[in-house]
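Structural overview
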Amino acid sequence: MNKAIPHDSAKLHVTGEARYVDDIPLPAKTLHLAFGLSSIAKGQIKSIDLSAVREAPGVVDIILSKDLPFGNDVSPNAHDEPLLADVSVNFIGQPIFIVAANSHLQARYASTLAIIEYAEEQPVISIEQAIKLDSRFEEGPRVYNKGDVVSAFKSSPMTIEGTLELGGQEHFYLEGQAAIASPQDDGEMVIYSSTQHPTEIQHKVAETLGLDMNLIKVEVRRMGGGFGGKESQGNALACACAIAAVRNNSTVKMRYDRDDDMKITGKRHDFRIEYTAGFDELGSIKALDVKHYVRCGWSQDLSLPVADRAMLHADNCYHIPNFRVESHRLRTNTQSATAFRGFGGPQGMIGMENIIDHIAFSLNLDPSLVRKHNFYTSEKKIKDGMKPQTSHYGMEIKDFIVHELMDELLESSEYYTRKTKVAEWNKENKILKRGIETSLRILTAIVQLSEETKYEGGNLEFLITDETGENNYTAPRTRGSITIFPAFLSHRVTPITKGKRYSLITWMLGDCFV
């Protein structure tokens, strides 16, 4: 405790010796790939003229969807995301063909020379358009409902309504997406990938090549940032490299330049949060109706669990006796939104925090007081015999220590002293203003694990599923393995019954600022 401990790779990082995918030495005849991308958001492909691409310097191979030997899918689960567009395109930047050339620059240049004729259609871009056209991934909204919201609104002394718009966010990892595929003996393939999900890379490459998973080895030494942007977005590069490697019997590499990376890959989900809150003169919430409108993009990717988690975080750390949360997962002709740090949780929590602030300002009360009035029952009171309160998804909140944390935060940050100074400053300055705020977050993790799957003591045991359906835990090996060198994950998750829902709670303090 209280000692500076250097990061395991700190020396390699500061000296520039840390090796990333783009630093791996390559054989002399390695091929380099680039995607030819759609220039429209929605439409049908009428014709493709690739003659100029074929004649470009250094071009060795061109791959279209009709050339794929087996699967044409790089989605994480829904099988709705083709590696290469076939007939229709669904967003600007969707891959249509692959160019293999002798250098990265040659491949990239050649990919821009295609002449593609489209029958363009009207795209759905915004949340407003998707709502109007009922463009969605499910047959209707998902709803959590607790108590009697309608009756509680009728008896609430005061109500407010509001809307919060949350835009998307680019991951902007320092190391862009990159992958290398290297054919081995007996039909095996080694994939080097900058990915957060090597198991999925293994699965998708095996599907694309029509091979058993035990023939695919995936190696991840480190990533130069991921933040969720490398959970499913690396599938396309790895699969493209694997296909080209088999076709040309050569090591193949692909990396996105930053502009292509930002065109092709998914972002954080945009949200529109509409709410109506009923409360009393102390700001204690009696009824709350929240609607989440989520812009998911053109394919499902991980949007459904992201939207689910936003719903589960919609209460943050507050007990709402009568609570309704409604979630709309909207389909748009934009990049497929994907995992991003917090995985929907931040959107759900900031929506609730905005509601608390709105109530406080409408009553001219300090927001920290309104927060205290709405916290779940404290752990201390539960130990003294008070019944625990229940969240809108049916979990009893027992180990709740936010009351004590909040008091400690206000005291240690000198919140009230600083608030007085802020008020004095704002009174004396007509143009430059200051502000101060408190904010707490409760992070709820809903997990589904099999009885055998477990995280323990900083080590992750990998579940490798072979073609017979048997589950085998393996250490890194040379055949059919996922190799991740750094041990990670400091939390312990107890093995639980298959398919059962549990919540794991951790606390985060938002410090005050001036």
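Residues numbered from 1 in each chain as written. Predicted model: local features only at pLDDT ≥ 70, side-chain atom pairs only at ≥ 80, totals over all residues. Heavy atoms only, no water.

Take the overall build of the chain next. Counting its regular elements, the chain contains 14 helices and 24 strands. Counting all 514 residues of the chain, 51% fall into the buried class. Residue pairs at least 24 apart in sequence account for 79% of intrachain contacts in the chain once pairs closer than 6 positions are excluded. When the accessible area of the chain is evaluated, it comes to approximately 25,000 Å², of which 51% is carbon and sulfur surface. (Helix = DSSP H or I, 4+ residues; strand = E, 2+ residues; numbered from the N terminus. Buried < 20%, exposed > 50% of the residue type's maximum accessible area, 1.4 Å probe, protein only. Contact = heavy atoms within 4.5 Å. Areas by Shrake-Rupley, 256 points an atom, 1.4 Å probe, with all protein chains shown as cover.)

With that settled, the discussion passes to the environment of S38. Its location among the elements puts S38 in the loop between strand 1 (31–37) and strand 2 (43–49). Looking at S38, the relative accessible area reads 4%, which means it is buried. On a C-alpha basis, the gap between S38 and P95 in space is 6.4 Å, while along the polypeptide they are 57 residues apart. If near-sequence neighbours (up to four positions away) are discounted, S38 is found in contact with V89, F91, I92, G93, Q94, I96 and Y118. Only 2.7 Å separates the side chain of S38 from the backbone oxygen of I40, close enough to count as a polar contact. (Polar contact = N/O pair within 3.5 Å; in protein donor to acceptor, adjacent residues only side chain to side chain.)

Attention now goes to the pattern of salt bridges. Summed over all chains, the structure comprises 32 salt bridges. We note a salt bridge from E139 to R142, for which the minimum N-O separation is 3.3 Å. A relative accessible area of 29% places R142 in the partly exposed class. With a closest N to O distance of 3.3 Å, R295 and D270 form a salt bridge. In this pair, R295 sits in strand 14 (residues 285–297) while D270 sits in strand 13 (residues 270–279), placing the two residues 25 residues apart along the sequence. Salt bridges sharing common partners tie together D22, R108, K253, R255, D257, D259 and D260. (Salt bridge = Lys/Arg side-chain N within 4 Å of Asp/Glu carboxyl O.)

Next up on the list: the sheet that holds strand 6 (residues 115–120). Spatial strand order, 4-2-6: three strands in an open sheet with antiparallel pairing. Each edge of the sheet is formed by a strand with only one pairing partner; in this case those strands are strand 4 (88–89) and strand 6. Where strand 2 lies against strand 6, six bridges are found, and the strand directions are antiparallel. Note that in strand 6 the partner of G43 across the bridge is E120. (Pairing = 2+ DSSP bridges.)

Glancing now at the side chain of Q202. Tracing the sequence through the fold places Q202 in helix 6 (residues 198–209). Among the residues examined, Q202 registers a relative accessible area of 1% and is labelled buried.

This next bit is on the packing of helix 11 (residues 367–374) against helix 13 (residues 402–412). Closest axis-to-axis distance for the helix 11/helix 13 pair is 10 Å, and the angle between their directions is 165 degrees. Taken as axis vectors, helix 11 and helix 13 run roughly antiparallel relative to one another. In this structure, helix 11 meets helix 13 at a crossing whose hand is left-handed. Only H403, M406, D407 and L410 of helix 13 make contact with helix 11, whose side of the interface consists of S368, R371 and K372. Looking at the contact of helix 11 with helix 13 residue by residue, the class counts come to two nonpolar, two polar and three charged. (Axes fitted to C-alpha atoms, helices over the stretch in contact; angles between N-to-C directions. Parallel < 35°, antiparallel > 145°, perpendicular 65-115°, else oblique. Left-handed = near helix turned anticlockwise from the far one by under 90°. Nonpolar A, V, L, I, M, F, W, Y, C, P; charged D, E, K, R; others polar.)

Moving on, we get to the sheet that holds strand 7 (residues 142–146). Read from one edge of the open sheet, five strands run 7-15-14-13-8, paired in mixed fashion. In this open sheet, the two edge strands, each paired with only one partner strand, are strand 7 and strand 8 (158–166). The average angle at which neighbouring strand axes cross in this sheet is 10 degrees, direction not considered. Note that strand 8 and strand 13 share nine bridges and pair antiparallel. Counted as the bridge partner of L166 is F271 from strand 13.

Taken as a whole and judged by the stated rule, the model has six aromatic pairs. On the basis of an interplanar angle of 50 degrees and a centroid distance of 6.3 Å, the ring pair of F35 and Y256 is categorised as tilted. Here Y256 lies in the loop between strand 12 (252–255) and helix 8 (258–264) and F35 lies in strand 1, a separation of 221 residues in the sequence. Since its relative accessible area comes to 5%, F35 is described here as buried. Since its relative accessible area comes to 7%, Y256 is described here as buried. With a centroid separation of 6.1 Å and an interplanar angle of 55 degrees, the aromatic rings of F375 and F400 are classed as tilted. (Phe/Tyr/Trp six-rings, centres within 6.5 Å; stacked < 30°, edge-to-face > 60°.)

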